[in-house]
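Chain residues, written in single-letter form:
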Amino acid sequence: MTALQQAPVRIHPARRAGRYLVRLLLAAGAVVSLVPFLWMAIAATHSTSELFHSPPPFLPGGRLLDNLARLQDTIGFGRVLLNSVGIAVVHTALSSLISAMCGYGLAKYRFRGRGLLLGAVLATMMIPFQVLLVPLFQMMASVGWIDSYQAVILPFLANSFGILLMRQGFVDFPDELLESARIDGSGELRTFYRVVLPCVRPQLGALVIFTFMAQWNSFIWPLLMLNSEEKYTVPVALNTLTGLTRVDYSGLMLGSLLATLPLMLLFLLFQRQFVAGLLGGAVKG
């Protein structure tokens, strides 16, 4: 008996045209979103005066090395880039670990006041960041942490968004696996690191990207905490290029271009986990 051959699925012309239209719109949106980065790359190779010519330059120039040398001499860009990398990496590692542990506790442990604690975490997301600046500054000053890296890293390690994101990843984890690990003699920490945490890598990857980007682009808090130029982060150092009478636009463009490279590299490394983490929980079954 021969198997029945399925007839090829025919797509309605209107639906096919709709798909082509959607792809065309997505392609146009991608091109439009890339235009600012293209202009930033072109402007980084010209002097500031050349950027204000009419018409403006649309091709790369020959001032890239000069702009890079001036950027290094003016703000010590290599040093501040290392400062930002160190602060962002340490903050991301500690914050992701704390968020994962808190989310696991809220998802899998039954204790009195758990709902109230979860509500408090949700409530903190409604507090504007600006409201916390003065009390946090006073706290850092009282312990003598002004102009120190720990003042930039520690106050925001417990992130409510990260806790809730990781909690959602742990909610669907089977309790039977936890009981099996405990029966086999595995401790709570070992169960968390060896059994539970590897199963939420998509959510953890998304959290790493969000946290690193937030810390890398942070400006107001490092500006308040850091007084020494050798401790500046990239956003704070680039802000010094904007003076009262003169703005080094070519230096700003080059510094901004170089500052986006670590973010692009991080996204390329974690893009699969990032997409899976965002879509985790969207499909059940």
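The residue count restarts for each chain, going from 1 along the sequence in the order it is written. A pLDDT threshold of at least 70 governs which residues receive local features in this predicted model, and a stricter bar of 80 or more applies before side-chain atom pairs are shown or counted, although totals over entire chains, interfaces and linings include all residues. Neither water nor hydrogens contribute to the side-chain values; these are computed over all heavy atoms in the structure.

Taking an unreviewed UniProt entry as the reference, the protein chain is identified by name as Sugar ABC transporter permease belonging to Streptomyces gelaticus. Here the protein chain is described in UniProt, under the heading Sequence similarities (unreviewed entry), as follows: "Belongs to the binding-protein-dependent transport system permease family." UniProt positions are given in the numbering used here, feature names are shortened, and annotations may be inferred rather than shown by experiment. Per UniProt, the protein chain has the following entry under Subcellular location (unreviewed entry): "Cell membrane".

K.L.:
Help me get a handle on the packing of aromatic side chains, residues and values and all.
P.N.:
Two rings from Phe, Tyr or Trp (for Trp, the six-membered ring) form a pair when their centres sit within 6.5 Å of each other. Planes less than 30 degrees apart are called stacked, planes more than 60 degrees apart edge-to-face, and all others tilted. The final tally for this structure, using the stated rule, is 10 aromatic pairs. Measuring from ring centre to ring centre gives 5.6 Å for phenylalanine 156 and tryptophan 221, while their planes differ by 90°; the resulting arrangement is edge-to-face. Highlighted residues: phenylalanine 156 in the loop between α7 (149-153) and α8 (160-171) and tryptophan 221 in helix α12 (residues 220-225), separated in sequence by 65 residues. Plain terms: the ring middles of phenylalanine 192 and tyrosine 193 are 5.1 Å apart, the flat faces sit at 75° to each other, and that makes the pair edge-to-face. Only protein chains enter the calculation, and the probe is 1.4 Å; a residue is then buried if its accessible area is under 20% of its type maximum, exposed if over 50%, and partly exposed in between. For tyrosine 193, a relative accessible area of 36% gives the class partly exposed. The rings of Tyr104, Tyr109, Phe170, Phe192 and Tyr193 are connected pair by pair, giving a single aromatic cluster. Counting from the N terminus, the helices are DSSP H or I runs at least four residues long and the strands are E runs at least two residues long.

K.L.:
Talk me through a positive patch on the surface; I want residue IDs and the actual numbers.
P.N.:
What makes a patch is a set of residues exposed beyond 30% relative accessible area and free of salt bridges, joined within 9 Å when like-charged and within 5 Å when nonpolar (Val, Leu, Ile, Met, Phe, Trp, Tyr). Under the convention used here, a 1.4 Å probe and the Shrake-Rupley method define accessible areas, while residue burial counts only the protein chains that appear. Just to be clear on terms, a salt bridge is a Lys or Arg side-chain nitrogen sitting within 4 Å of an Asp or Glu carboxyl oxygen. Residues counted as positive are Lys and Arg, residues counted as negative are Asp and Glu, and His and the chain ends are not counted. Positions of charges follow a simple convention, taking NZ of Lys, CZ of Arg, CG of Asp or CD of Glu. A cluster of basic residues, Arg15, Arg16, Arg19 and Arg23, forms a positive patch at the surface. Mapped onto the elements of the fold, arginine 16 is located in helix α1 (residues 13-43). Take arginine 16: its relative accessible area is 42%, and that puts it in the partly exposed class.

K.L.:
Which residues make up the pattern of salt bridges, and what are the values?
P.N.:
Counting across every chain of the model gives 4 salt bridges. The salt bridge involving arginine 182 is made with glutamate 179; its shortest N-O contact spans 3.3 Å. Of this pair, arginine 182 and glutamate 179 both sit in helix α9 (residues 175-183), 3 residues apart, roughly one helical turn. For arginine 182, a relative accessible area of 29% corresponds to the partly exposed category. For glutamate 179, a relative accessible area of 42% corresponds to the partly exposed category. The residue glutamate 188 makes a salt bridge to arginine 182 at a minimum N-O spacing of 3.0 Å.

K.L.:
Can you explain the domain arrangement of the protein chain? Please cite residues and give values.
P.N.:
Many structure descriptions define interface size as the accessible area lost when the parts assemble. Residue ranges assigned to each domain were obtained from an automatic or database domain assignment. Under the domain assignment used here, the protein chain contains domain 1 (13-43) and domain 2 (67-279). Relative to domain 2, the C-alpha centre of domain 1 lies at a distance of 31 Å. Contact between two residues is taken to exist if any of their heavy atoms lie within 4.5 Å; hydrogens are not considered. Each partner contributes to the interface: domain 1 provides 4 residues, whereas domain 2 provides 5 residues. Our count for the domain 1 to domain 2 interface comes out at 0 salt bridges. We define a polar contact as two N or O atoms separated by no more than 3.5 Å, with the added condition that, inside protein, one atom must be a possible hydrogen donor and the other a possible acceptor, whereas residues neighbouring each other in sequence contribute only through side-chain atom pairs. Our count for the contact surface shared by domain 1 and domain 2 stands at 0 residue pairs in polar contact (both at pLDDT 80 or more). In this classification, the charged set is Asp, Glu, Lys and Arg, the nonpolar set is Ala, Val, Leu, Ile, Met, Phe, Trp, Tyr, Cys and Pro, and all remaining amino acids, among them Gly, are polar. For the side of domain 1 that touches domain 2, a count of residues per class yields 4 nonpolar, no polar and no charged.

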